[in-house]
Amino acid sequence: MPLEPHHFWQEVFPAGTHAKGESYTGFYPAEFADGRQLALPLRVLPGDGTRAVSSLIVNQASFVVEDALAQGMADLIAPYNVDAVIGVPTLGLPLANNVARRLGHARMVPLGTSRKFWYVDELSEPLSSITSPTHAKTIFIDPRMLPLVEGKRVCLIDDVISSGSSMVAVLRLLEKAGIEPVVIAAAMLQSNRWKDGLARYQDRIVAPLKSPLFEKTEDERWAPIA
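Okay, so let's go over this structure. (Residues numbered from 1 in each chain as written. Predicted model: local features only at pLDDT ≥ 70, side-chain atom pairs only at ≥ 80, totals over all residues. Heavy atoms only, no water.)

1. Quick notes on the overall build of the chain
A tally of regular secondary structure across the chain gives 5 helices and 13 strands. The C-alpha radius of gyration of the chain comes to 18 Å, within 12% of the 17 Å expected for a compact globule of 226 residues. With 226 residues in all, the chain has 49% of them scored as buried. Relative to all contacts within the chain whose residues are 6 or more apart in sequence, the contacts with residues 24 or more apart total 62%. When the accessible surface of the chain is summed, it comes to about 11,400 Å², and 52% of that surface belongs to carbon and sulfur atoms. Counting 22 positive and 25 negative side-chain charges, the chain places the centres of these two groups 5 Å from one another. (Helix = DSSP H or I, 4+ residues; strand = E, 2+ residues; numbered from the N terminus. Rg over C-alpha atoms; globule rule 2.2 N^0.38 Å. Buried < 20%, exposed > 50% of the residue type's maximum accessible area, 1.4 Å probe, protein only. Contact = heavy atoms within 4.5 Å. Areas by Shrake-Rupley, 256 points an atom, 1.4 Å probe, with all protein chains shown as cover. Lys, Arg positive; Asp, Glu negative; His and termini not counted. Charge placed at Lys NZ, Arg CZ, Asp CG, Glu CD.)

2. Examining the sheet that holds strand 3 (residues 51–54)
With antiparallel pairing, 5 strands are arranged side by side in an open sheet as 1-2-3-12-13. Two strands in the sheet have a free side with no partner beyond their single neighbour: strand 1 (27–31) and strand 13 (222–224). Across the sheet, the axes of successive neighbouring strands diverge by a mean angle of 40°, strand direction being ignored. Pairing geometry for strand 1 and strand 2 (residues 37–44), over 5 bridges, is antiparallel. Note that in strand 2 the partner of phenylalanine 27 across the bridge is proline 41. (Pairing = 2+ DSSP bridges. Axes fitted to C-alpha atoms, helices over the stretch in contact; angles between N-to-C directions.)

3. Concerning the packing of aromatic side chains
Counted according to the given criterion, the structure contains 7 aromatic pairs. Plain terms: the ring middles of tyrosine 24 and tyrosine 28 are 5.2 Å apart, the flat faces sit at 85° to each other, and that makes the pair edge-to-face. The exposure class of tyrosine 24 is buried, given its relative accessible area of 6%. Relative accessible area serves as the criterion here: at 8%, tyrosine 28 is assigned to the buried category. (Phe/Tyr/Trp six-rings, centres within 6.5 Å; stacked < 30°, edge-to-face > 60°.)

4. Let's talk about the environment of aspartate 121
Note on placement: aspartate 121 falls in the loop between strand 5 (109–110) and strand 6 (124–127). Judged by its relative accessible area of 48%, aspartate 121 falls in the partly exposed class. Placed 47 residues apart in sequence, aspartate 121 and valine 168 show a C-alpha to C-alpha distance of 18 Å. A polar side-chain atom of aspartate 121 sits 2.5 Å from a polar atom in the side chain of arginine 115. (Polar contact = N/O pair within 3.5 Å; in protein donor to acceptor, adjacent residues only side chain to side chain.)

5. Topic: the packing of helix 1 (residues 63–77) against helix 2 (residues 92–102)
Viewed as axis vectors pointing N to C, helix 1 and helix 2 meet at an angle of 60°, and their least axial separation amounts to 9 Å. Between helix 1 and helix 2, the angle is such that the two are oblique. Between helix 1 and helix 2 lies a crossing of right-handed hand. Residues Glu66, Asp67, Leu69, Ala70, Gln71, Met73, Ala74 and Ile77 of helix 1 pack against Pro94, Leu95, Asn98, Val99 and Arg102 of helix 2. Tallied by class, the residues present in the contact of helix 1 with helix 2 amount to 8 nonpolar, 2 polar and 3 charged. (Parallel < 35°, antiparallel > 145°, perpendicular 65-115°, else oblique. Left-handed = near helix turned anticlockwise from the far one by under 90°. Nonpolar A, V, L, I, M, F, W, Y, C, P; charged D, E, K, R; others polar.)

6. Focus: the nonpolar core
If you look at the biggest cluster of nonpolar residues, it comprises 41 residues, and the most contacted ones within it are Leu56, Leu69, Met73, Ile77, Cys155 and Ile157. Sorting the residues of this core by element identifies strand 1, strand 2, helix 1, helix 2, strand 8 (154–161) and strand 9 (183–190) as the ones contributing at least two each. For this core, the leading source of residues is helix 1, giving 7 residues. Core analysis: the second largest hydrophobic core is formed by 31 residues, Ala84, Leu174, Tyr201 and Ala207 among them. (Core = buried A, V, L, I, M, F, W, Y, C linked by side-chain atoms within 4.5 Å.)

Here it is, written out as structure tokens:
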């Protein structure tokens, strides 16, 4: 029997649609600054099955949801007066494109994980993520893109910051190119685990949505813990 399309990430609900509580089953209602909600499915993390996170897959979201996330990010980025937007693959790229347009930019600068023959090892860095822990990649910045970001006020955009490990790798790559972003934006900050590795950047990390880490309760529900 064919699976039905996923119903999460398709609608932005009015404020108060879903009650916030001490524990959850199925999904977590993450909230925008104005109270609007996005229902995010709870995903059990690898391990002993006692921890979970709420998941956001941007390229499966409706355009309405993507636009809401992008506008929320653009509003938070605007005070930094950035000259250029850098997008982190894979799911940070559509957001970076959308946000750059809203900020009035003519283009954005994409990082890449698919090597082109003119890329150089000096501008690369190993990369892994919470959603693909066993599939390490290499992230690159195209040398031909450097004139667009050198000496500029740069914003770095990704979809979700969770453990922070992939963002740390991206920042190491940019440091090799002599670039330090004035602001780092994500659609969602997933728990607080990222704060240790990104402590230096905490005061310049922004996101329209935040969600906690969850722990399984005795009655098989999920309670926020961090």
